Amino acid sequence: MRDAFGVIGPVATRPELSGTSRSMGDFDLSLSELRVIVEITCPNPSLMYRLLEADSKSMRSMSGSRRNSGSSLVSSSSASSNLSHLEEDTWILWGRIVNEWDEWRRKKDKLLKELIRKGIPHHFRAIVWQLLGNATDMPVKNQYSELLKMSSPCEKLIRRDIARTYPEHEFFKGQDSLGQEVLFNVMKAYSLVDREVGYCQGSAFIVGLLLMQMPEEEAFCVFVRLMQEYRLRELFKPSMAELGLCIYQFEYLLQEQLPELNVHFRSQSFHTSMYASSWFLTLFLTFLPLPVATRIFDIFMYEGLEIIFRVGLAILQYNQTDLIQLDMEGMSQHFQKVIPHQFDSCPDKLILRAYQIKYNPKRMKKLEKEYTTIKNKEMEEQIEIKRLRTENRLLKQRIETLEKHSEEFVSGLQTQLEQSRLREAELLGALKEMQDKVLDLEKRNNSLPDETNVAQLQEELKQVKLRELETLHSFREMQETVTELNQRWQHHMARGGGHWKESPKKNALNELQDKLMGVRLREAQAQAELKEVKLKALQLESQNQIHSNLLSRHEQERAALQDRLQHLTSHNKSLQGQLSEMKRKQTESDCKSKEEVMAVRLREADTMAAMAELRQRIAELEIQKEEGLIQGQLNHSDSRQYITELREQIAELKNEVWYSSKLIFTQHTIQSGVKKK
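The structure presented is a predicted model; accordingly, all values stated were derived computationally and were not measured.

## Comments concerning the overall build of the protein
Right, so step 1: Within the protein, the regular secondary structure consists of 25 helices and zero strands.
Right, so step 2: Across the 677 residues in the protein, those meeting the buried criterion constitute 39%.
Right, so step 3: Contacts in the protein between residues at least 24 apart in sequence constitute 80% of all its contacts with a sequence separation of at least 6.
Right, so step 4: A total of about 39,700 Å² of accessible surface is found on the protein, and carbon and sulfur atoms cover 53% of it.

Have a look at this one:
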């Protein structure tokens with residue numbers, strides 16, 4: 001289901017399985033001849049018969065490739081009569097090892113380890129690998145046929161990648177070949193047994209190697225054991241955390257034992273994962289020739305991933321001088337074309353170099369703890385980021401939902417806000433109109449005289465009337481004086497005609513009378529002018545008094561207007577303060593309403609997140625339930641109890657979901673109450 005390759009370039013074509021040293025597997029014996037040898041050399045031949053029957057299938061699948069190889073394990077011209085004493089001893093030795101396996105594992109473990117490092121004879125590989133993996137009597141073998149009847153979600157991916165597995169090997173050539181069919185069966189069966197891993201491309205090469213040695217049922221059992229007990233399952237998990245650990249440990253060993261090469265790799269940005277990922281995922285099966293990789297696999301079955309670290313460092317140590325002189329592209333070509341064929345003729349040389357590499361298991365455990373600590377911190381950060389992203393996504397979804405459901409509420413709030421603003425504007429207009437009316441009335445009131453002004457005006461009116469009477473009296477006196485003078489003048493003029501006839505005395509008297517008349521006329525004229533001046537003075541005094549009174553009234557009005565202005569200013573400030581207070585209360589009310597809505601949204605988002613987690617847990621339990629059903633069908637043991645427990649857990653989670661839904665409904669009710677408020 002995932003591409004497991006971190007290799008440089010395409011997977012190189014692998015040569016056919018060939019021998020690396022002369023052993024019992026170097027001769028082509030018939031099954032009947034092998035049975036005779038077993039009956040002679042083994043006290044309990046039944047176990048060896050099983051070995052021979054399983055191995056005969058493997059031999060048939062590899063016969064074509066062995067005959068076409070120059071370094072083939074089987075020589076077509078050899079016969080049983082050509083067995084050397086050493087080869088006979090090797091055959092007899094491994095026969096005894098297989099027959100007395102438990103005793104060898106208890107008492108001769110070191111000797112067994114040395115023999116495995118030297119290579120397991122080809123005919124014994126199937127049974128020895130099963131014994132090393134403790135896969136001879138696995139219950140899952142009986143379930144294999146049932147698994148093949150089921151359907152797997154990984155079938156299309158498996159079919160697609162089968163043609164890429166050992167494409168040049170005779171056993172797997174052809175779309176409908178037996179090798180491809182059994183490979184598909186094993187991969188499909190495992191994808192059903194382990195749904196978490198499912199199918200990963202690199203694992204097909206390991207299964208292919210097993211199928212070259214044994215029938216598909218035994219290959220399936222060994223592969224299950226490899227995945228469970230040899231850390232391969234952790235390597236092939238979707239997270240590939242174990243691969244990251246292996247790369248981390250390998251980089252430490254590289255830095256410690258080959259520091260110059262490590263510095264060169266770093267300077268060229270040639271990362272360890274670019275060449276070492278496929279080493280761990282396929283156990284060198286896609287990197288080295290098949291005979292060499294099979295020797296490494298022998299040791300892997302006994303010692304685990306330690307041999308992968310050792311062989312990888314040995315290869316880099318062997319090529320250090322050449323690699324340091326190359327750039328990134330040159331190193332890529334060197335890894336693809338040169339390194340894979342360096343040990344074709346002598347794989348023992350590579351194995352010997354591998355065990356000259358320093359390897360400290362305690363230090364590797366310490367590195368594992370360091371890597372776990374680092375990854376835990378990264379995981380916590382990723383979980384926190386994922387949680388925040390999930391919360392953000394849920395909040396956005398919830399906000400969108402609330403926005404959709406609260407459009408009427410928002411529009412209602414907006415309408416209320418607009419109405420309140422209109423009412424506020426109307427109140428302000430009415431207030432201003434009332435203020436204008438008050439000012440107008442005050443102006444009218446100020447224009448009307450008060451009691452003091454009326455008394456003053458009455459006094460002024462009396463004085464004006466008195467002056468008017470005096471003026472009239474003076475005018476009448478003037479009229480009388482003028483009338484008298486006029487009469488006298490008329491009388492004088494009447495007498496003036498006979499003056500020339502009278503005596504000089506009378507003439508002199510008349511002249512004096514004329515002069516007196518002239519003086520009286522001038523006196524009367526002067527009095528008239530004086531009266532006129534007095535009248536003007538009185539008028540001026542009256543006007544001055546009126547102006548003084550007007551000025552004083554204007555001053556009083558100005559003072560009154562200033563007092564009124566101050567009063568209106570203070571009143572306006574009071575109104576402005578009330579308006580600001582109203583706006584502040586309105587703002588506080590809006591903010592409080594928004595905060596209450598956001599609080600409800602956050603509570604609902606938390607509830608939605610909890611529900612999402614519960615649903616995810618339910619889905620996981622459903623998957624576990626399906627796995628439990630499959631496992632129960634296969635194992636026929638404790639399945640009902642396991643399924644019952646799963647159902648109880650699912651029921652509990654559904655109750656929690658129901659409670660969360662009820663909580664959401666309660667929060668909706670609270671939110672509706674907030675909206676109404």
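## Digging into the packing of helix α10 (residues 203-213) against helix α16 (residues 290-303)
Right, so step 1: The N-to-C vectors of α10 and α16 enclose an angle of 90°; their axes lie 12 Å apart at closest approach. Here α10 is positioned roughly perpendicular relative to α16, judged by the angle of their axes. Within the contact between the two elements, α10 uses I206, L209, L210 and M212 and α16 uses L290, T294 and F297.
Right, so step 2: Of the residues that constitute the contact of α10 with α16, the class distribution is six nonpolar, one polar and no charged.

## Quick notes on the packing of aromatic side chains
Right, so step 1: Under the defined criterion, the tally for this structure stands at 27 aromatic pairs.
Right, so step 2: Ring plane angle 45° and centroid distance 5.1 Å describe the contact between Y144 and F220, whose orientation is recorded as tilted. Residue Y144 is found in helix α7 (residues 140-149), and its partner F220 is found in helix α11 (residues 216-229); the two are separated by 76 residues along the sequence. An identical accessibility class is assigned to Y144 and F220; each is buried.
Right, so step 3: Here K108 stacks its cationic end above the ring of W104, 4.6 Å away from the centre of that ring.
Right, so step 4: The aromatic ring of F184 is capped on one face by R159, whose charged end is 3.6 Å from the ring centroid.

## A word on the pattern of salt bridges
Right, so step 1: This structure, assessed with the given rule, holds 25 salt bridges.
Right, so step 2: For the salt bridge of R558 with E555, the shortest nitrogen-to-oxygen distance reads 2.3 Å. Note that R558 and E555 are positioned in helix α24 (residues 504-635) at a spacing of three residues, about one turn of the helix.
Right, so step 3: Classification of R558 as partly exposed rests on a relative accessible area of 38%.

## Some words on helix α17 (residues 306-318)
Owing to its 3.6 residues per turn, the α-helix aligns residues three or four sequence positions apart on the same side.
Right, so step 1: For α17, which comprises 13 residues, the first-to-last C-alpha distance of 18 Å matches the rise-based estimate of 18 Å (1.5 Å per residue) to within 8%.
Right, so step 2: Burial of α17 is extensive: ten of the 13 residues sit out of reach of the surface.
Right, so step 3: Those residues of α17 not exposed but buried are I307, I308, F309, R310, V311, G312, L313, A314, I315 and L316.

## Side note on the layout of surface pockets
Where empty space is left becomes clear once a probe the size of a water molecule has been rolled over the atoms.
Right, so step 1: Each pocket or cavity is described by its volume, and for the second largest pocket that value is around 440 Å³.
Right, so step 2: If you list the elements that add at least two residues to the lining of the second largest pocket, you get α21 (361-405) and α24.
Right, so step 3: For the lining of the second largest pocket, the residue count by class is nine nonpolar, three polar and five charged.

## Description of unusual backbone geometry
Right, so step 1: Backbone geometry places R231, a non-glycine residue, at a positive phi of 70°.
Right, so step 2: Structurally, the position occupied by R231 is in the loop between α11 and α12 (232-236).
Right, so step 3: If you check the backbone angles, M240 has positive phi at about 50° while not being a glycine.
Right, so step 4: Inspection of the secondary structure assignment puts M240 in the loop between α12 and α13 (241-257).

## Details of the environment of R603
Right, so step 1: Along the chain, R603 turns up in helix α24.
Right, so step 2: The class of R603 is partly exposed, set by a relative accessible area of 35%.
Right, so step 3: Taking the C-alpha atoms as reference points, R603 and L395, separated by 208 residues in sequence, lie 9.9 Å from one another.

## Some words on the nonpolar core
One recurring pattern in soluble globular proteins is that nonpolar side chains are buried together.
Right, so step 1: The biggest cluster of nonpolar side chains holds 111 residues, and the ones touching the most others in it are L226, L232, Y275, W279, I296, F297 and L316.
Right, so step 2: Apart from the residues lying within four places of it in its own chain, the contact partners of L232 are I206, L226, M227, L283 and F300.
Right, so step 3: Of all hydrophobic cores here, the second largest spans five residues; its members include I618, L621, I650 and L653.

## A look at a nonpolar patch on the surface
Right, so step 1: Together, L466, L469 and L472 give the surface a local cluster of nonpolar side chains, amounting to about 290 Å² of exposed area.
Right, so step 2: Of note, L469 is situated in helix α23 (residues 451-496).

## Digging into the environment of Q143
Right, so step 1: Mapping Q143 onto the fold places it in helix α7.
Right, so step 2: Note: C-alpha distance between Q143 and E217 (74 residues apart in sequence) is 9.6 Å.

## Focus on the packing of helix α9 (residues 178-193) against α10
Right, so step 1: It is at 10 Å that the axes of α9 and α10 come closest, and there the two elements cross at 120°. On the basis of their axis angle, the class for α9 and α10 is oblique. α9 and α10 meet at a crossing whose hand is right-handed. Residue-level contacts link V182, L183, V186 and M187 of α9 to S203, A204, V207, G208 and L211 of α10.
Right, so step 2: Per-class residue counts for the contact of α9 with α10 are seven nonpolar, two polar and no charged.

## Brief notes about empty space enclosed by the protein
Right, so step 1: Enumeration according to the criterion identifies two cavities of 30 Å³ or more in this entry.
Right, so step 2: Approximately 30 Å³ is the volume attributed to the second largest cavity.
Right, so step 3: Contributing to the lining of the second largest cavity are M187, Y190, V197, G198, Y199, C200, S203, F223, M227 and F236.
Right, so step 4: Counting residues per element, the ones that place at least two in the lining of the second largest cavity are α9 and α11.
Right, so step 5: Among the residues forming the lining of the second largest cavity, the class breakdown is eight nonpolar, two polar and no charged.

## Some words on the confidence of the model for the protein
Keep in mind that low pLDDT regions are not for reading the predicted coordinates in detail.
Right, so step 1: Mean pLDDT over the protein stands at 77; residues scoring 70 or higher make up 75%.
Right, so step 2: Contacts for the low-pLDDT stretch residues 1-83, under 50 throughout, to residues beyond four places or in other chains number 177 contacts.

## Quick notes on a positive patch on the surface
Right, so step 1: A cluster of basic side chains, namely R96, R106, K107 and K108, defines a positive patch on the protein surface.
Right, so step 2: Taking relative accessible area as the criterion, K108 reaches 33% and is therefore assigned partly exposed.

## Remarks on the side chain of S191
Right, so step 1: Looking at where S191 falls in the secondary structure, it is placed in helix α9.
Right, so step 2: Taking relative accessible area as the criterion, S191 reaches 3% and is therefore assigned buried.
Right, so step 3: A distance of 2.7 Å separates a polar atom in the side chain of S191 from a polar atom in the side chain of S152.

## Brief notes about helix α8 (residues 155-162)
Right, so step 1: Buried within α8 we find I158, D161 and I162. End-on, the buried residues of α8 take up no more than an arc of 105°, which puts them together on one face.
Right, so step 2: On its buried side, α8 packs onto α9.

Reading guide: rules and limits
Residues numbered from 1 in each chain as written. Predicted model: local features only at pLDDT ≥ 70, side-chain atom pairs only at ≥ 80, totals over all residues. Heavy atoms only, no water. Helix = DSSP H or I, 4+ residues; strand = E, 2+ residues; numbered from the N terminus. Buried < 20%, exposed > 50% of the residue type's maximum accessible area, 1.4 Å probe, protein only. Contact = heavy atoms within 4.5 Å. Areas by Shrake-Rupley, 256 points an atom, 1.4 Å probe, with all protein chains shown as cover. Axes fitted to C-alpha atoms, helices over the stretch in contact; angles between N-to-C directions. Parallel < 35°, antiparallel > 145°, perpendicular 65-115°, else oblique. Nonpolar A, V, L, I, M, F, W, Y, C, P; charged D, E, K, R; others polar. Phe/Tyr/Trp six-rings, centres within 6.5 Å; stacked < 30°, edge-to-face > 60°. Lys NZ or Arg CZ within 6 Å of the ring centre and 35° of its normal. Salt bridge = Lys/Arg side-chain N within 4 Å of Asp/Glu carboxyl O. Expected span 1.5 Å × (residues − 1). 1 Å grid on protein atoms, 1.4 Å probe; cavity = no way out; pocket = protein on both sides within 12 Å on 5 of 7 lines; lining within 4 Å. Points joined across faces, edges and corners; volume = space filled by probe spheres on them. Core = buried A, V, L, I, M, F, W, Y, C linked by side-chain atoms within 4.5 Å. Patch = residues over 30% accessible without salt bridge, like charges linked within 9 Å, V, L, I, M, F, W, Y side chains within 5 Å. Left-handed = near helix turned anticlockwise from the far one by under 90°. pLDDT = per-residue confidence, 0-100. Lys, Arg positive; Asp, Glu negative; His and termini not counted. Charge placed at Lys NZ, Arg CZ, Asp CG, Glu CD. Polar contact = N/O pair within 3.5 Å; in protein donor to acceptor, adjacent residues only side chain to side chain. Arc of directions from axis to C-beta.

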